[in-house]
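# Fold and geometry: a report
Listed below are the residues making up each chain.
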Amino acid sequence: MSKTKGRVTLPSESNFLDETREMLDRWGADALRDSDGTKLDDEVKALDAKIYTTYFVSRGHNEFAEKHMDECQQLYLMSRHCTAADTTLSISFMEGYYQEQVIPDYLHDPKRWWEVIDRSSQETVPVCDWELDTEKHQILIKNAKPFHEYTVSFLVYAIWDPTQMYNHITNNWGDKPHEIPFDVRQEASWEFAKEYLAQWLKDNPSTDVVRFTTFFYHFTLVFNSRAKEKYVDWFGYGATVSVKALEEFEKEYGYALRPEDIVDNGYYNSSFRVPSAHYLDYMDFIQRFVAGKAKELVALVHEAGREAMMFLGDNWIGTEPYGKYFGEIGLDAVVGSVGGGVSLRLISEIPHVKYTEGRFLPYFFPDTFYEGNDPVPEAMENWITARRAIMRKPVDRIGYGGYLSLAYKFPAFVDYIEKVTDEFRLIYDNVKGVRPYNGLKVAVLNCWGSLRSWQPYMVAHELWYKQCYSYMGMMESLSGAGVDVSFLSFREVKEHGIPEDVDVIINAGDAMTAFSGGEEWADPALGAEIRRWVYNGGGFLGVGEPSAYHAGGRYFQLADVMGVDKELGFSLSSDKYFTEAQEGHFMAQDRISAYDFGESMKNVYALGEDTEIVEFSQGEVHSAAHKYGRGRGVYLAGLPYSFENTRLLLRALYYAAGKEDRLKLWFAQNPSCEVHAYPEAGKYAVLNNTSREQTTVVYDGEGKTEEYTLEPGGIIWKEIAQ
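Below is a short write-up of the structure.

For the protein, the helix and strand inventory stands at 19 helices and 36 strands. For 722 residues, the compact-globule formula gives about 27 Å, and the C-alpha radius of gyration of the protein, at 27 Å, lands near that figure. The C-alpha extent of the protein, read off along each of the three principal axes, is 75 × 70 × 50 Å. In the protein, of all internal contacts separated by at least 6 residues, the share reaching a separation of at least 24 is 73%. Of the accessible surface of the protein, which amounts to about 28400 Å², a share of 48% is contributed by carbon and sulfur atoms. Averaged over its 72 positive side-chain charges, the protein has a centre that lies 3 Å from the centre of its 109 negative ones.

The structure is reproduced here in structure tokens:
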């Protein structure tokens with residue numbers, strides 16, 4: 001029997017009444033939801049719980065879509081690179097794409113809307129020099145330059161929603177119809193969307209919360225000819241494109257977008273790319289459109305006396321919850337999937353809504369809940385990782401998704417989640433609305449700034465990628481650390497300077513990405529402003545290839561601040577004498593195992609004897625610090641998530657800020673534990689972030705110590721002595 005009740009959403013399904021009633025009681029749930037592929041029957045809806053109903057605006061209505069195939073959503077795709085061996089070249093542009101998902105758009109004139117590009121010269125091939133074979137889906141290029149590479153950028157119609165496609169294949173839905181996505185920018189589609197919702201609200205009186213999944217445009221997700229993911233970008237605006245959108249953009253902005261503005265050399269404007277001015281204009285254009293249309297649908301929901309909730313995923317493109325227009329939509333709530341602390345903070349800090357909700361893992365699908373597998377370890381890791389972030393800024397509710405009938409077959413899992421739901425409610429009651437103790441103010445600097453708060457380095461919503469984990473680990477560490485985190489763009493720094501309350505700026509990422517900055521560092525005003533700020537007492541932390549842009553004899557444009565640069569081979573003739581690590585450096589304390597810099601960074605070297613080398617191995621520097629005027633620069637080669645690396649990051653931040661003496665306030669000596677203090681509420685909590693018993697010395701807000709022993713995954717709540 002659950003000790004408390006509320007703030008938990010339970011998935012259910014038809015013909016599962018008694019078990020659902022039992023689970024409502026055990027997990028203390030006060031809301032029920034359906035999932036993609038499930039429905040709630042009337043008996044389940046009659047239970048004592050708020051009812052969420054998944055609502056798809058622009059998919060799941062094939063009776064309409066099949067009559068308006070010219071209003072399907074569209075994308076620009078790029079063919080593979082093809083090399084001309086002669087003066088003619090044939091390109092099968094659909095090669096490698098899944099033709100059950102996308103088909104070429106031959107309704108709109110390809111000579112007007114498509115583009116053939118000589119990728120070797122980056123010249124557009126004149127339309128008179130290519131012809132289209134619609135039966136073979138081929139472009140024939142004449143007057144090609146031998147041994148140049150060519151591509152075709154072409155429009156397609158999307159005829160299968162990619163999320164439903166993924167769920168269809170994962171759950172073996174057989175002959176269940178493929179859901180066709182339509183574009184609400186088109187007149188008939190928009191009228192249908194409004195009218196259908198109005199009628200649906202009348203037909204579903206038991207629905208308390210309309211869970212929009214989401215609104216209009218899916219993140220860019222294109223499958224290959226084997227029905228596997230070919231291209232996925234959780235931030236991608238690819239599915240927002242249409243001929244009508246391009247025409248309306250040109251009318252509003254006074255210039256026409258090229259296919260290349262969307263295709264972007266086949267990178268499709270990934271969030272790792274430094275965004276072009278044209279792409280930023282296009283994003284703004286889409287965001288305003290989505291906010292305006294979504295506002296109308298939300299108004300219908302409110303007129304019917306229901307709440308409107310948005311799922312932060314699937315068709316979420318254009319909503320940008322930290323963007324300029326999100327507040328205009330008028331949503332009551334946002335729910336999103338929690339992969340860890342980063343995505344928890346991404347959800348919990350969303351403004352302009354009454355409440356936020358996190359959907360925890362694992363999803364109750366057969367890829368996890370099958371005979372012989374134990375889902376508890378995944379659930380435990382997911383909860384303990386996200387719990388650190390909840391202690392800093394909690395979501396208002398938690399929940400799960402999928403087939404409850406699957407999870408019900410795993411008693412140990414049911415028992416564990418019962419403990420999780422009780423623990424969440426206890427944490428929430430203690431910390432909601434109370435500002436936690438923050439020892440520092442940190443600003444993460446990149447091209448996106450606050451627009452993409454808590455979203456740097458993601459490809460597909462916090463999934464592990466070899467090229468990302470060394471930076472995502474830094475974000476994961478920050479999500480539960482006792483520091484105030486903000487996000488700052490290069491443009492803001494150049495136009496307005498650095499906010500006065502910032503203690504440390506972090507710039508992290510691979511060279512030429514939007515996160516490191518790339519060509520942004522070609523502007524000397526940017527480097528000068530940050531140097532001035534650090535010189536006057538600020539702190540700068542660079543991770544990976546910070547400020548990397550080869551110019552002026554430097555690779556790291558802020559090498560003088562950090563005291564290190566990266567050898568590109570151009571200065572091998574210059575000897576590097578500074579290789580000795582300092583003993584007992586402040587940043588190295590608490591280290592009990594070998595350093596882990598993840599993918600690390602090769603060939604970084606110290607500029608001079610005033611560089612404080614913290615870690616040197618394999619002939620290169622991986623951790624260092626450097627005094628710069630009254631401030632400091634710090635360098636780390638990478639930072640995968642771990643307890644020891646979280647401690648390393650915290651020490652690096654305090655050292656960069658020149659506040660080493662403030663580290664051991666509300667501090668756990670054991671890196672496997674953490675302290676979260678709430679002085680306004682007169683309480684603090686000590687967390688064990690592992691599945692093993694831990695003992696730690698805890699420093700309070702005055703630096704006084706006390707030793708605690710915590711059970712696996714345990715929390716100890718204490719009153720702050722007055």
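Ranked by size, the top nonpolar core spans 242 residues in total, and within it F212 and L478 carry the most contacts. Looking at this core element by element, the count peaks at 12 residues for helix α9 (residues 277-303). Non-local contacts of F212, meaning those with residues more than four positions away in its chain, are made with Y55, V57, L197, L297, V298, V301, A308, M309, M310 and F311. Residues Y52, V209, F311 and V335 belong to the second largest nonpolar core, which totals 8 residues.

A few words on helix α17 (residues 524-535). Between its terminal C-alpha atoms α17 stretches 16 Å, which fits the 16 Å expected from 12 residues at 1.5 Å a residue. All buried positions along α17 are accounted for by L526, G527, E529, I530, W533 and V534. One face of α17 carries all of its buried residues, which in axial projection span an arc of 160°. Residue D523 occupies the N-cap position of α17, its side-chain oxygen lying 2.9 Å from the main-chain nitrogen of A525. Of the residues one or two after α17, G537 is the one with positive phi, at around 125°.

The next subject is the pattern of salt bridges. According to the stated counting rule, one finds 44 salt bridges in the structure shown. Across the pair D422 and R425 runs a salt bridge, and its minimum N-O distance is 3.2 Å. Note that D422 and R425 are positioned in helix α14 (residues 411-431) at a spacing of 3 residues, about one turn of the helix. Here D422 matches R425 in class, with each residue buried.

Strand pairing in a sheet relies on backbone hydrogen bonds, with the paired strands running either antiparallel or parallel. In space, the 3 strands of this open sheet follow the order β6-β11-β10, with antiparallel pairing throughout. Strands with a single pairing partner mark the edges of an open sheet, and in this sheet they are β6 (88-92) and β10 (130-133). Averaged over neighbouring strand pairs, the angle between their axes works out to 20° when direction is ignored. Direction of pairing for β10 relative to strand β11 (residues 138-142): antiparallel, over a ladder of 4 bridges. Across the sheet, the residue bridging to D133 is Q138, located in β11.

This next bit is on the packing of helix α12 (residues 376-392) against helix α15 (residues 469-479). Interhelical geometry of α12 versus α15 gives an angle of 50° and a closest axis separation of 8 Å. The angle between α12 and α15 places the two elements in the oblique class. Contact residues: α12 offers T385, R388, A389 and R392, while α15 offers E476, S477 and S479. In the contact of α12 with α15, the residues fall into 1 nonpolar, 3 polar and 3 charged.

Judged by pairing direction, the sheet is antiparallel, and its 3 strands sit side by side in the order β32-β33-β36 without closing on themselves. On the outer flanks of this sheet lie β32 (673-678) and β36 (715-719), each paired with one strand and no other. Neighbouring strand axes in the sheet, compared pairwise and without regard to direction, differ in orientation by 15° on average. Where strand β33 (residues 683-688) meets β36, 5 bridges bridge the pair, whose relative direction is antiparallel. Its bridge partner being in β36, A685 is matched across the sheet by W717. Of the strands in this sheet, β32, β33 and β36 touch α12, which is tilted by about 20° from β32. Packing against the sheet, α14 makes contact with β32, β33 and β36, and its axis sits at approximately 25° to β36.

Packing of helix α11 (residues 341-348) against α15 brings their axes to within 8 Å, and their N-to-C directions diverge by 60°. In this view, α11 runs oblique relative to α15, as classed from their interaxial angle. Crossing of α11 against α15: the hand is left-handed. On α15, the residues that touch G341, V342 and R345 of α11 are M472, M475, E476, L478 and S479. Each residue belonging to the contact of α11 with α15 can be placed in one class, and the counts come to 4 nonpolar, 2 polar and 2 charged.

Covered by surrounding structure in β11 are I139 and I141 only, the residues Q138, L140 and K142 on the alternate face being uncovered. Pairing geometry for β6 and β11, over 5 bridges, is antiparallel. Within the sheet, the bridge partner assigned to I91 lies in β11 and is I139. Where β10 folds back on β11, the antiparallel hairpin that results is connected by 4 residues, among which H137 adopts a positive phi of roughly 55°.

Attention now moves to the packing of aromatic side chains. Applying the stated criterion across every chain, the model contains 56 aromatic pairs. On the basis of an interplanar angle of 80° and a centroid distance of 6.4 Å, the ring pair of Y641 and F643 is categorised as edge-to-face. A relative accessible area of 28% places Y641 in the partly exposed class. Exposure remark for F643: the relative accessible area of 25% places this residue in the partly exposed category. Clustering of aromatic rings is evident, with ring pairs tying together W27, F360, F364, F369, W383, Y400, F410 and F413. The ring centre of F56 lies 3.8 Å from the NZ or CZ of R59, which sits over that ring.

Moving on, we come to the side chain of T690. By the element assignment, T690 lies in the loop between β33 and β34 (694-699). Classification of T690 by relative accessible area gives buried; the value is 5%. A polar contact of 2.9 Å, which involves the side chain of T690, links it to the backbone oxygen of R692. Of the polar contacts made by the side chain of T690, one reaches the side chain of Q694; its length is 3.2 Å. For T690, the residues in contact, after removing those within four places along its chain, are I384, F643, S672, P712 and G713.

Basis of the calculations
Residues numbered from 1 in each chain as written. Predicted model: local features only at pLDDT ≥ 70, side-chain atom pairs only at ≥ 80, totals over all residues. Heavy atoms only, no water. Helix = DSSP H or I, 4+ residues; strand = E, 2+ residues; numbered from the N terminus. Rg over C-alpha atoms; globule rule 2.2 N^0.38 Å. Contact = heavy atoms within 4.5 Å. Areas by Shrake-Rupley, 256 points an atom, 1.4 Å probe, with all protein chains shown as cover. Lys, Arg positive; Asp, Glu negative; His and termini not counted. Charge placed at Lys NZ, Arg CZ, Asp CG, Glu CD. Core = buried A, V, L, I, M, F, W, Y, C linked by side-chain atoms within 4.5 Å. Buried < 20%, exposed > 50% of the residue type's maximum accessible area, 1.4 Å probe, protein only. Expected span 1.5 Å × (residues − 1). Arc of directions from axis to C-beta. Polar contact = N/O pair within 3.5 Å; in protein donor to acceptor, adjacent residues only side chain to side chain. Salt bridge = Lys/Arg side-chain N within 4 Å of Asp/Glu carboxyl O. Pairing = 2+ DSSP bridges. Axes fitted to C-alpha atoms, helices over the stretch in contact; angles between N-to-C directions. Parallel < 35°, antiparallel > 145°, perpendicular 65-115°, else oblique. Nonpolar A, V, L, I, M, F, W, Y, C, P; charged D, E, K, R; others polar. Left-handed = near helix turned anticlockwise from the far one by under 90°. Phe/Tyr/Trp six-rings, centres within 6.5 Å; stacked < 30°, edge-to-face > 60°. Lys NZ or Arg CZ within 6 Å of the ring centre and 35° of its normal.

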